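Structural overview for review
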Amino acid sequence: QVQLVESGGGLVQAGGSLRLSCAASGRTFSIYVMGWFRQSPGKERDFVAAISWRGGIPYYSDSVKDRFTISRDNAKNTVYLQMNSLKPEDTAVYYCAATRTGSWGAATNYDYWGQGTQVTVSS
């Protein structure tokens, strides 16, 4: 019922910035929270940030706090992740996700997922 498409990934040097976008379509009115997760080879899929769809209240993991900013444009059905001061450890495939209910930080509570976009930070 909801489709998500990520974009904006790429290769940057440490200290650089990237802006990821996630466009949602379908029954977007049912979305409660949209979030970003990331996964690197050999590691689990970790929570990065989330935002309430209607209120715009953000939530961040400690690892990206003060460096990343999540925002949303309800008119465009799009969520953004501004990534500043990037570090090599930020390298991962970033996934956009949406949930109608549940915890912002638990991947198991998200109902819809995008295909992911690669972010590579070189040193």
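This report concerns the structure included in the present document. (Residues numbered from 1 in each chain as written. Predicted model: local features only at pLDDT ≥ 70, side-chain atom pairs only at ≥ 80, totals over all residues. Heavy atoms only, no water.)

**Side note on the overall build of the chain**
In terms of helices and strands, the chain carries 0 helices and 11 strands. Its helices and strands taken in sequence order, the chain reads β-β-β-β-β-β-β-β-β-β-β from the N to the C terminus. Relative to the globule expectation of 14 Å for 123 residues, the C-alpha radius of gyration of the chain, 13 Å, shows essentially globular dimensions. In terms of its C-alpha atoms, the chain occupies a principal-axis envelope of roughly 40 × 30 × 25 Å. (Helix = DSSP H or I, 4+ residues; strand = E, 2+ residues; numbered from the N terminus. Rg over C-alpha atoms; globule rule 2.2 N^0.38 Å.)

**Quick word on the nonpolar core**
Core analysis: the largest hydrophobic core is formed by 28 residues, its most contacted members being Leu-4, Met-34, Trp-36, Leu-81 and Tyr-94. Elements with a contribution of two residues or more to this core: β1 (2–7), β3 (18–26), β4 (33–39), β5 (46–52), β7 (68–73), β8 (78–83), β9 (92–99) and β11 (117–122). Here Leu-81 is in contact with Leu-18, Arg-19, Leu-20, Trp-36, Val-48, Ala-49, Phe-68, Thr-69, Ile-70 and Tyr-94, once residues within four sequence places are set aside. (Core = buried A, V, L, I, M, F, W, Y, C linked by side-chain atoms within 4.5 Å. Buried < 20%, exposed > 50% of the residue type's maximum accessible area, 1.4 Å probe, protein only. Contact = heavy atoms within 4.5 Å.)

**What about unusual backbone geometry?**
Of note, Asp-66 is a non-glycine position whose phi angle comes to about 75°, a positive value. Within the secondary structure layout, Asp-66 lies in the loop between β6 (58–60) and β7.

**A short note on the side chain of Glu-6**
The residue Glu-6 is located in strand β1 in this model. The side chain of Glu-6 is buried and forms no salt bridge, while Arg-45, the nearest opposite charge, is found at 7.6 Å. A polar atom in the side chain of Glu-6 sits 2.8 Å from the backbone nitrogen of Cys-96. (Lys, Arg positive; Asp, Glu negative; His and termini not counted. Salt bridge = Lys/Arg side-chain N within 4 Å of Asp/Glu carboxyl O. Polar contact = N/O pair within 3.5 Å; in protein donor to acceptor, adjacent residues only side chain to side chain.)

**Observations concerning the pattern of salt bridges**
Tallied over the entire structure, the rule returns 4 salt bridges. Between Asp-90 and Arg-38 there is a salt bridge, and its shortest N-O distance comes to 2.9 Å. With Asp-90 in the loop between β8 and β9 and Arg-38 in strand β4, this pair connects stretches of sequence that are 52 residues apart. Note that Arg-67 is salt-bridged to Asp-90, the shortest N-O span being 2.8 Å. Residue Arg-67 is found in the loop between β6 and β7, and its partner Asp-90 is found in the loop between β8 and β9; the two are separated by 23 residues along the sequence. Owing to a relative accessible area of 1%, Asp-90 belongs among the buried residues under this scheme. A single salt-bridge network, built from bridges that share partners, covers Arg-38, Arg-67 and Asp-90.

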